[in-house]
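Each chain, written out:
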There are 2 protein chains.
Amino acid sequence: MQRWAEIRSGIGALDQGAMALARKRLDSLTKPQGSLGMLEDLAVQLAGITGNPLPRIQEKWVVVMAGDHGVVEEGVSAYPAEVTAQMVLNFLADGAGVNVFARHTETRVRVVDVGVATDLHLPGLWSRKVRRGTANLAQGPAMTPQEAEAALEVGIGVAADLADRGADLIATGDMGIGNTTPSAAILAAFTGRAPEEVVGRGTGVDDMRLAAKVEAVRRGLRVNRPDASDALDVLHKVGGLEIAGLAGVILGAALRRVPVVIDGFISGAAALVATRLVPAARPYIVPSHLSEEPGHRILLEELGLEAPLRLHMRLGEGTGAILAFSLVEAACKALAQMATFAEASVSEREA
Amino acid sequence: MQRWAEIRSGIGALDQGAMALARKRLDSLTKPQGSLGMLEDLAVQLAGITGNPLPRIQEKWVVVMAGDHGVVEEGVSAYPAEVTAQMVLNFLADGAGVNVFARHTETRVRVVDVGVATDLHLPGLWSRKVRRGTANLAQGPAMTPQEAEAALEVGIGVAADLADRGADLIATGDMGIGNTTPSAAILAAFTGRAPEEVVGRGTGVDDMRLAAKVEAVRRGLRVNRPDASDALDVLHKVGGLEIAGLAGVILGAALRRVPVVIDGFISGAAALVATRLVPAARPYIVPSHLSEEPGHRILLEELGLEAPLRLHMRLGEGTGAILAFSLVEAACKALAQMATFAEASVSEREA
């Protein structure tokens with residue numbers, strides 16, 4: 001398909017020259033070589049993404065994609081579905097966790113309705129609704145392939161808009177009651193893991209709802225038979241609208257060479273979709289935290305990512321991703337601002 | 001001893017009332033209960049430390065204690081001993097990693113010479129030298145009990161001074177070529193672990209120096225026979241001046257009810273000393289990162305602490321501790337600023 005060829009060819013490799021310069025400078029700074037650990041890798045990654053050997057972070061954004069899920073009728077969540085819309089209002093009123101952490105890190109928040117079940121017309125909300133919630137994935141495809149592609153395009157468009165506004169760091173966040181269920185289904189579909197391995201308690205469901213989630217994922221895979229080698233097939237059959245939107249944000253960020261920090265389990269599922277669609281997007285992704293959701297560890301391993309934050313969080317909204325912004329900024333500042341051994345007249349290590 | 005009785009009785013328990021209020025408010029905020037994970041525990045801990053159910057962080061400090069180590073003559077470090085003094089200059093010139101991260105987090109830096117081997121008279125340096133470096137712990141006591149107590153008092157005094165200046169968050173940092181060796185010796189002395197388990201590569205030594213470190217710790221324990229039930233005995237025989245100073249900072253912070261964030265392996269050893277001297281100081285300690293030093297995991301387990309940051313760092317100076325400041329602040333802000341379910345008209349979970 002023409003559009004996918006365009007996206008695939010539009011995502012380039014990291015800039016090896018900028019990375020080599022960044023690595024060389026890091027090795028000249030007044031610290032034992034490599035002693036800043038992951039922060040050094042992060043600084044080099046950002047140099048490669050941006051093509052700037054001294055990358056700077058000045059304009060930070062978090063995208064919160066909201067959507068509803070037909071699978072909630074299987075009893076997979078402890079919260080009623082209307083909470084998705086209520087929380088969208090909370091985001092716009094600046095009262096949610098993501099808002100507090102965004103202020104803390106001087107980050108701007110973009111709230112996008114890509115598939116909330118109710119109609120929302122609210123100042124500040126980006127209304128890009130593809131459909132009013134997904135269908136129940138335990139009974140058939142969550143959406144059509146065309147709807148999945150439309151939601152991906154919403155995300156690509158949001159990332160492009162933020163890049164136009166000068167964003168040099170983007171976080172992915174989600175809101176959607178029930179959305180750990182499609183995320184687990186996506187993970188199971190791509191990896192062949194058993195539902196029991198990838199389904200967790202999400203916001204904190206009891207044993208009964210946990211069993212319902214496992215069963216919903218099992219039936220979703222059996223009924224839909226998603227093709228693991230076809231990411232769009234997996235996405236439309238057992239995914240979600242906000243998950244598709246976030247996969248689009250990741251692809252859109254990669255297209256514009258903007259580093260994209262992924263939040264927890266749902267953003268991770270979106271990253272898995274994005275990298276299966278376009279493997280070249282993988283180096284543009286920065287991990288943030290390891291959540292309490294047991295499948296998240298499997299997901300990050302599958303992505304080949306290691307999370308710097310271990311906070312036992314399970315909130316979503318992009319909260320964990322924004323907390324990692326401070327680390328990304330610290331990495332860039334260490335690279336740019338630390339004195340070299342020569343500048344500080346500090347002796348280097350003995351041979 | 002009178003002074004120790006004074007310190008022990010001066011460190012009170014956390015304020016259970018403030019903690020209960022903080023916990024109650026956290027459970028009313030628009031998020032699944034407990035979904036902020038460690039950040040919720042952190043907010044409650046700070047409420048208990050400060051006695052304020054809505055703790056605020058406004059004045060942040062990092063203390064970098066510098067000292068030299070006689071044990072370097074055993075060939076335990078890849079860097080020459082003069083780097084301790086050179087790095088003190090680098091701290092004062094604002095060029096080191098700790099300076100960059102301090103600026104990034106709006107933290108002020110207090111550099112203290114508690115035992116650098118050379119004489120330093122520099123603007124901005126707190127000269128509280130107890131002696132010019134320790135003796136070689138592999139051949140006898142690193143210092144006298146009186147010197148260890150004097151270094152502890154330096155730290156207590158520094159914390160008191162910062163508390164007087166309004167500090168409401170203090171990080172501990174270290175500078176001392178060779179200081180992973182006494183830190184490992186302290187850990188081995190308190191826990192009975194074998195030197196091989198607690199000695200690591202520090203700034204990155206080769207196999208030869210690693211073997212020399214293990215042997216230095218083994219001889220230090222054999223020659224000195226530190227008494228694990230007497231923390232001052234352990235500290236003066238196999239410790240270091242900056243380690244004693246940092247243990248003092250931790251006690252001093254607890255005395256003034258200021259939360260103290262500990263950095264990596266050396267600060268952890270200081271925390272072990274502090275909590276063995278005065279167990280009531282333990283709840284005032286906030287962990288930051290898990291370093292690359294293999295003994296650090298054992299150390300944190302011994303302290304009963306879990307590190308939120310996993311960055312594979314091994315730099316010291318307080319760099320990891322300062323990076324955790326952003327998390328502590330985020331925790332307090334979530335507690336104070338998030339909307340409640342009632343305020344935001346969000347439905348609570350179903351029964």
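The shown structure was predicted, so the numbers you read here are calculated from the model rather than taken from an experiment. (Residues numbered from 1 in each chain as written. Chains lettered and ligands numbered in written order. Predicted model: local features only at pLDDT ≥ 70, side-chain atom pairs only at ≥ 80, totals over all residues. Heavy atoms only, no water.)

1. Some remarks on the domain arrangement of chain A
Residue and element names in this part refer to chain A.
(1) Moving on: Under the domain assignment used here, chain A contains domain 1 (2-55 + 335-344) and domain 2 (60-328).
(2) Moving on: For domain 1 versus domain 2, the distance between C-alpha centres works out to 28 Å.
(3) Moving on: In this complex, domain 1 contributes 18 residues to the contact, which on the side of domain 2 involves 23 residues.
(4) Moving on: Approximately 1,800 Å² of surface area, both sides summed, lies buried where domain 1 meets domain 2, with 67% of it carried by carbon and sulfur atoms.
(5) Moving on: Considering only the surface of domain 1 that becomes buried against domain 2, Trp4, Ile11 and Ile49 emerge as the three largest contributors, covering 36% of it.
(6) Moving on: Its salt-bridge partner being Glu153, residue Arg3 comes within 2.5 Å of it at the nearest N-O pair.
(7) Moving on: Where domain 1 touches domain 2, the interface holds nine residue pairs in polar contact (both at pLDDT 80 or more).
(8) Moving on: For the side of domain 1 that touches domain 2, the secondary-structure elements that each account for two or more residues are helix 1 (2-10) and helix 3 (38-50).
(9) Moving on: The biggest single contributor to the side of domain 1 that touches domain 2 is helix 3, with eight residues. (Domains from an automatic or database assignment. Contact = heavy atoms within 4.5 Å. Buried area = accessible area lost by both parts, 1.4 Å probe. Salt bridge = Lys/Arg side-chain N within 4 Å of Asp/Glu carboxyl O. Polar contact = N/O pair within 3.5 Å; in protein donor to acceptor, adjacent residues only side chain to side chain. Helix = DSSP H or I, 4+ residues; strand = E, 2+ residues; numbered from the N terminus.)

2. A short note on the sheet that holds strand 5 (residues 260-262) of chain B
All names here are of chain B.
(1) Moving on: Strand order across the open sheet formed by six strands is 3-2-1-4-5-6, with parallel pairing between neighbours. Of all the strands in the sheet, just strand 3 (126-127) and strand 6 (285-286) have a single pairing partner and so form its edges.
(2) Moving on: Relative to strand 4 (residues 169-175), strand 1 (residues 60-67) runs parallel, the two being bridged by seven bridges. Bridge pairing in strand 4 links Trp61 to Ile170. (Pairing = 2+ DSSP bridges.)

3. Focus on the relation of the copies chain A and chain B
(1) Moving on: Between chain A and chain B, which share one sequence, the superposing operator has a rotation angle of 180° and an axial displacement of 0.0 Å; the RMSD is 0.0 Å. Expressed as an axis order, the relation between the two copies is that of a two-fold axis. No C-alpha of chain A approaches the rotation axis more nearly than that of A:Leu309, which lies at 2.5 Å.
(2) Moving on: The share of interface residues of chain A whose copies in chain B are also at the interface is 100%, consistent with both copies meeting through the same surface. (Least-squares fit on C-alpha atoms with pLDDT ≥ 70 in both.)

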